[in-house]
Amino acid sequence: MIFNSIEFIIFFVAVLTVIAIIKHRKFQHLFIVFASYFFFYFSSNYLLSLLIFSTLLDYYIAKLIWKTQDKQRKKILLITSLAGNLGLLGFFKYADFAIMQFNILGNQINIGGNIPFLELVLPIGISFYTFQTISYTVDVYRGKLEPSKSLREFALFVAFFPQLVAGPIIRASEFLPQLREKIENSTSKINLKQIIIHNSNLKLGITIMSFGFLKKMFFADNIAPLVNAIFTNPIGASSFEIWLGTIAFGIQIYGDFSGYSDIAIGAALILGFKIPRNFNKPYFAISPSDFWSRWHISLSSWLRDYLYIPLGGNKKGSGRTYFNLLTVMFLGGLWHGASWNFVIWGLLHGGYLAIHRVIANKFPKIANSVFFRTKSGKIISILVTQYFVFLAWIPFRVRDVDHMIYSMNKFILFDFQFQEMGNFIGSHKFPIIIMILFIVVHFISYRKENIIEKIATLNLKVWTIILTIICIMIVFFYNGNPEDFIYFKF
Amino acid sequence: MYYFKITISISIALLFTFFLLIFSEQTFGTIVDQDITEKEMIIDSKFFSNDFSNNRTMFVVGSSQVGVLNVTKINDVISSKIVDSKVPISVYNLALSGNTPSRALNYADLVISSHPEIIFYGISYRDFQFPVNTDNFSYIDLKSISSKALSSGLMGIVPPNPQLLTRVVLLDIFQYSQKTDIENSIENSTETIPKTPFYKYSKNSTIMSEDKLRRVTSTTAWTESVTQYKNIHALEEYIKQVTDNDIKVVIFLTPLQKYYLESLSESQIKNMNKLIDDLEKKYAIKTYDFREKYSGLDIWLDSTHISYLPHITQYVQDVSEMILLESYR
């Protein structure tokens with residue numbers, strides 16, 4: 001079920017009510033596991049079996065890895081886990097993509113006859129929970145984490161419904177300790193904590209969730225029609241329209257994805273679990289690497305720890321570093337979807353990171369210049385970085401190659417065609433107003449740190465009024481068609 | 001106690017918003033019964049006030065898959081093939097975007113009152129939404145059950161499109177009258193043609209490439225079985241009403257692109273074939289099957305609509321011949 005639906009509200013209220021009433025801890029944890037499975041089953045039906053398979057596979061493999069002393073055996077077990085999870089992901093997500101490439105290649109060299117597509121349904125959340133369980137097995141292999149002693153605990157970690165479908169990708173090392181109760185003088189027995197809904201968590205969690213809903217349903221969903229209008233067929237559009245559409249898409253995807261993450265984080269917090277934030281004002285990033293420390297933080301840190309560093313990171317010379325950056329971002333792009341446009345997006349970002357590193361290495365005086373620490377310097381850094389970030393959003397959004405090339409061309413080489421600008425703005429007033437409002441609100445939140453936490457500490461009357469205003473904005477600008485979260489498709 | 005206060009605060013926020021929405025709806029009223037609105041629109045168009053008695057009138061009815069038929073061309077083809085006719089044949093395209101048999105049944109009385117000679121009804125899989133597997137449900141479709149339950153509970157109380165309500169409220173407050181961005185955009189990009197009173201054509205018809213057709217044609221895995229029976233019954237009722245009024249009915253299955261056809265399950269195809277057989281036997285009507293006729297040709301606007309670029313004439317030609325054949329049978 002999608003978060004922005006009445007079904008989810010009813011489900012979430014029901015879960016909280018049961019947890020609040022029934023305080024028996026074993027029941028609580030089992031209840032959340034089954035509630036999470038129900039949540040998953042609601043959207044994905046029998047594909048729940050894949051989630052259960054991934055859970056069982058990594059639970060037992062991690063135990064075996066931990067028990068065995070033989071390094072070779074540990075490696076084989078790790079490879080089994082990776083093969084199982086990546087095999088699932090690869091099969092369901094990339095099989096038809098691979099078949100399409102074989103068919104295209106076959107047609108190019110006149111082999112004749114096409115391999116039929118499997119037309120598999122993409123299981124919701126598979127990109128997220130497979131990465132989550134992989135990180136668990138790898139951490140156990142590296143000795144950084146003891147394996148979970150209870151299947152119930154591990155199943156809850158994997159299937160935890162707030163973050164199950166579209167992240168944030170949580171690490172077992174962060175989550176499992178939150179589940180466990182500290183027991184004095186006992187290292188073998190693990191007791192799972194009773195889940196208590198604290199007042200402070202409830203208020204902050206609801207605040208975070210409501211801002212998440214606002215970002216998604218008020219900003220992202222109301223800007224989506226403008227983006228669709230421009231990019232469904234951008235051929236013939238002026239540079240002004242392409243720029244407007246690109247900025248609109250940047251706002252849409254941020255509102256959509258960070259909104260989802262906020263809802264997940266808020267829901268988890270109400271249940272007493274802290275999930276690290278997934279976004280940190282990425283559109284104020286001052287460099288490509290700064291952008292990736294602010295955008296989809298759980299994925300970028302996962303890629304860093306489980307791909308970039310094992311490949312050698314930046315420890316094996318500059319050439320190898322640039323190669324590693326491009327490889328990681330290539331795979332990061334491919335993770336988003338079985339399509340070359342995502343690969344292009346990933347490679348663009350890989351290129352940006354590599355070029356930024358080249359500049360930092362070859363021109364340290366520029367990179368370390370005092371000017372870039374001044375206000376003007378920061379503004380220029382932000383504008384230059386965001387120019388390239390938004391340029392990369394074009395291949396992310398526009399799949400058709402001709403449309404993509406046309407749009408990027410118009411983005412880079414501004415045509416100064418303003419004749420139709422007035423008409424265009426006139427016929428898209430509402431989404432443009434929403435965009436301007438977003439920019440203002442986002443800037444205010446950048447200047448005022450922790451604004452959501454501050455709102456959550458306001459007195460109850462003021463807090464209720466703010467909550468009511470948010471509800472009114474969401475409901476009164478809802479067009480009746482709940483838009484899917486963009487990252488659900490990944 | 002504080003816990004309780006927070007819960008009360010949340011409830012106040014939600015209830016206040018809900019009641020404000022209901023109050024605004026009652027005051028400004030945007031919930032409309034779409035079927036009534038559609039019938040009102042049809043009546044307002046005064047199309048059925050015309051006198052059809054001078055010609056042999058033929059109506060072509062259906063959804064946008066029928067709407068793409070250019071009746072100007074059909075009438076040209078027919079008139080070129082009939083020589084020496086005292087009473088010319090006049091074909092009208094009464095297609096409506098998104099039409100289904102249950103919607104068509106709402107204004108069947110208007111159609112019948114015009115006494116056409118023959119009604120050519122174009123149908124397709126989308127009209128009935130046969131589930132992928134009708135033999136038994138292999139799983140319980142919770143999404144479908146819950147959305148049906150919620151929508152039937154909320155229908156008539158909560159406006160389905162609060163954004164429209166907000167717009168009405170704001171325009172009313174500022175005493176402003178202006179078309180929506182979407183309405184303007186539709187008006188600027190569409191045109192009407194003679195004898196097609198209810199369907200608008202995009203000025204920018206294109207042909208979709210094969211690659212794109214493959215990408216955009218998703219599996220038609222409908223799971224809502226209620227619509228299936230509702231529309232089958234509606235179609236049967238429509239045929240019955242029309243034939244009881246001595247109007248001939250001919251059913252034709254609208255063309256579909258090959259990727260769409262490939263996406264259908266055996267069960268869906270079987271259901272459609274059975275429906276056609278049953279209609280032929282029960283009502284002694286003729287059916288024409290254009291489903292696969294153009295499936296591999298490069299003439300598609302999308303996977304279910306043939307492009308209406310001027311040079312694409314196959315569908316028009318075949319429908320013209322069908323009309324001619326039936327009008328002299």
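A brief look at the structure comes next. (Residues numbered from 1 in each chain as written. Chains lettered and ligands numbered in written order. Predicted model: local features only at pLDDT ≥ 70, side-chain atom pairs only at ≥ 80, totals over all residues. Heavy atoms only, no water.)

### Some thoughts on the environment of Ser261 of chain A
Residue and element names in this part refer to chain A.
1) Next: Here Ser261 lies in helix α10 (residues 239-270).
2) Next: Residues Ser261 and Ile208, 53 residues apart in the sequence, show an inter-C-alpha distance of 9.6 Å.
3) Next: Contact partners of Ser261, with chain neighbours within four places excluded, come to Pro168, Asn278 and Phe279.
4) Next: Within polar-contact distance, the side chain of Ser261 engages the side chain of Asn278 at 3.2 Å. (Helix = DSSP H or I, 4+ residues; strand = E, 2+ residues; numbered from the N terminus. Contact = heavy atoms within 4.5 Å. Polar contact = N/O pair within 3.5 Å; in protein donor to acceptor, adjacent residues only side chain to side chain.)

### Thoughts on the sheet that holds strand β6 (residues 248-253) of chain B
Residue and element names in this part refer to chain B.
1) Next: Judged by pairing direction, the sheet is parallel, and its five strands sit side by side in the order β2-β1-β3-β6-β7 without closing on themselves. Looking at strand neighbours, the two that pair on one side only are β2 (89-93) and β7 (286-289), the edges of this open sheet. Going from strand to strand, the sheet's axes swing by 20 degrees on average, the running direction of each strand aside.
2) Next: The sheet contact formed by strand β1 (residues 56-61) and strand β3 (residues 118-123) spans four bridges and is parallel. Within the sheet, the bridge partner assigned to Met58 lies in β3 and is Ile118.
3) Next: Against the sheet, helix α14 (residues 266-283) contacts β3, β6 and β7, and its axis sits at roughly 165 degrees relative to β6. (Pairing = 2+ DSSP bridges. Axes fitted to C-alpha atoms, helices over the stretch in contact; angles between N-to-C directions.)

### Description of the side chain of Thr287 of chain B
Residues and elements named next belong to chain B.
1) Next: As for its placement among the helices and strands, Thr287 is situated in strand β7.
2) Next: Judged by relative accessible area, Thr287 falls into the buried class, the value being 11%.
3) Next: Excluding anything up to four places from it in sequence, Thr287 contacts Ile251, Ile276 and Glu280. (Buried < 20%, exposed > 50% of the residue type's maximum accessible area, 1.4 Å probe, protein only.)

### Concerning the packing of aromatic side chains
1) Next: In the structure shown here, the tally under the stated rule is 76 aromatic pairs over all chains.
2) Next: With centroids separated by 5.0 Å and ring planes inclined at 90 degrees, the aromatic side chains of Phe279 of chain A and Trp295 of chain A adopt a geometry described as edge-to-face. Residue Phe279 of chain A is found in the loop between α10 and α11 (288-292), and its partner Trp295 of chain A is found in the loop between α11 and α12 (297-308); the two are separated by 16 residues along the sequence.
3) Next: Overall, Phe279 of chain A belongs to the buried group, its relative accessible area being 10%.
4) Next: Between the aromatic rings of Phe47 of chain B and Phe198 of chain B, the centroid separation amounts to 5.8 Å while the plane-to-plane angle is 75 degrees, which identifies the pairing as edge-to-face. Highlighted residues: Phe47 of chain B in the loop between α2 (34-44) and β1 and Phe198 of chain B in the loop between β4 (190-191) and β5 (201-202), separated in sequence by 151 residues.
5) Next: Accessibility expressed as a relative area gives 10% for Phe198 of chain B, which makes it buried.
6) Next: In this structure, Lys195 of chain B is placed above the aromatic ring of Tyr92 of chain B, and the distance from its NZ or CZ to the ring centre is 5.4 Å. (Phe/Tyr/Trp six-rings, centres within 6.5 Å; stacked < 30°, edge-to-face > 60°. Lys NZ or Arg CZ within 6 Å of the ring centre and 35° of its normal.)

### Regarding the nonpolar core
1) Next: Residues Phe8 and Trp393 of chain A are the most contacted members of the largest nonpolar core, which totals 153 residues.
2) Next: For this core, the element with the highest residue contribution is α10 of chain A, accounting for 17 residues.
3) Next: Trp393 of chain A has contacts with Phe249, Gly250, Ile253, Tyr283, Trp295 and Trp345 of chain A, leaving out every residue within four places of it along the chain.
4) Next: Ranked by size, the runner-up nonpolar core spans 40 residues in total, among them Phe59, Phe128, Phe198 and Met272 of chain B. (Core = buried A, V, L, I, M, F, W, Y, C linked by side-chain atoms within 4.5 Å.)

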